Amino acid sequence: MTTPDPEGLLAEQLLRLTRRVHRIQKRHLERRDLGVTPAQSRLLRTLAHYGSPPRMADLAARLEVVPRAVTTLVDGLEASGKVRRVPDPTNRRVTRIELTDDGRVTLAELRDARRAAAAEILAPLSAEQRELLGGLLDTLIDGALNERC
């Protein structure tokens, strides 16, 4: 007879929840027919956090992907009019990426879709459980940030 492995069970629960979150978010994005992939969605959200247009290398570092992956994402978003490449005002060899007005509208729609997905996922929890979960998630997130430093 094997003994229960609580950490193995917890790891499996986290993986199942992650898959469920992605599946539900994808469904909410598809319903809105925004024409962006989950990866493009992540790039748009990341781009919105910058005060001024970042370089592609900055985006790659923030997204923790290779620069070529950012180029492919930007190409698609630029073709759909959601971002544009702009020259760096101080270094003509550098290209920066900025949101267009259409990109900002899409970003607002993405936020609404994510909120709707979160509401669906969290629906079974009471307000107290949501607060407890938020605190636990903050602890896990902070732990991950401390490991990188």
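Everything numeric here is computed off the predicted structure, so don't read it as measured data.

Draft legend 1. A look at the overall build of the protein chain. Scanning the protein chain from terminus to terminus reveals six helices and two strands. Overall, the protein chain shows an N-to-C arrangement of helices and strands of α-α-α-α-β-β-α-α. Burial status across the protein chain gives 24% buried among its 149 residues. Taking the intrachain contacts of the protein chain between residues at least 6 apart in sequence as the baseline, contacts between residues at least 24 apart amount to 52%.

Draft legend 2. Main features of helix α3 (residues 56-63). Every buried residue of α3 is accounted for by M56, L59, A60 and L63. The buried side chains of α3 occupy one side of the element, clustering within an arc of 100° when seen end-on. On its buried face, α3 sits against α2 (38-48), α4 (67-79), β1 (83-87) and β2 (95-99). With its phi angle positive at about 60°, E64 sits one or two positions after the end of α3.

Draft legend 3. Focus on the pattern of salt bridges. Applying the stated criterion to the full structure yields 10 salt bridges. Put simply, R85 and E78 hold a salt bridge, and the shortest N to O gap is 2.3 Å. Its relative accessible area of 27% is what places R85 among the partly exposed residues. Among the salt bridges present, the one from R115 reaches D112, with a minimum N-O distance of 3.6 Å. Of the two residues, R115 and D112 both sit in helix α5 (residues 101-122), three residues apart, roughly one turn of that helix. Residue class for D112 comes out partly exposed when judged on its relative accessible area of 36%. Through salt bridges with shared partners, a single ionic network connects D75, E78 and R85.

Draft legend 4. The arrangement of the confidence of the model for the protein chain in detail. Taken as a whole, the protein chain shows an average pLDDT of 90; of its residues, 93% reach a score of 70 or greater. Of all the helices and strands in the protein chain, helix α6 (residues 127-148) carries the lowest mean pLDDT, 84, while β1 carries the highest, 96.

Draft legend 5. Broad picture of the environment of R115. Classification of R115 by relative accessible area gives exposed; the value is 55%. The spacing of R115 and D102 is 13 residues in sequence and 20 Å in space, taken between C-alpha atoms.

Cut-offs used in this document
Residues numbered from 1 in each chain as written. Predicted model: local features only at pLDDT ≥ 70, side-chain atom pairs only at ≥ 80, totals over all residues. Heavy atoms only, no water. Helix = DSSP H or I, 4+ residues; strand = E, 2+ residues; numbered from the N terminus. Buried < 20%, exposed > 50% of the residue type's maximum accessible area, 1.4 Å probe, protein only. Contact = heavy atoms within 4.5 Å. Arc of directions from axis to C-beta. Salt bridge = Lys/Arg side-chain N within 4 Å of Asp/Glu carboxyl O. pLDDT = per-residue confidence, 0-100.

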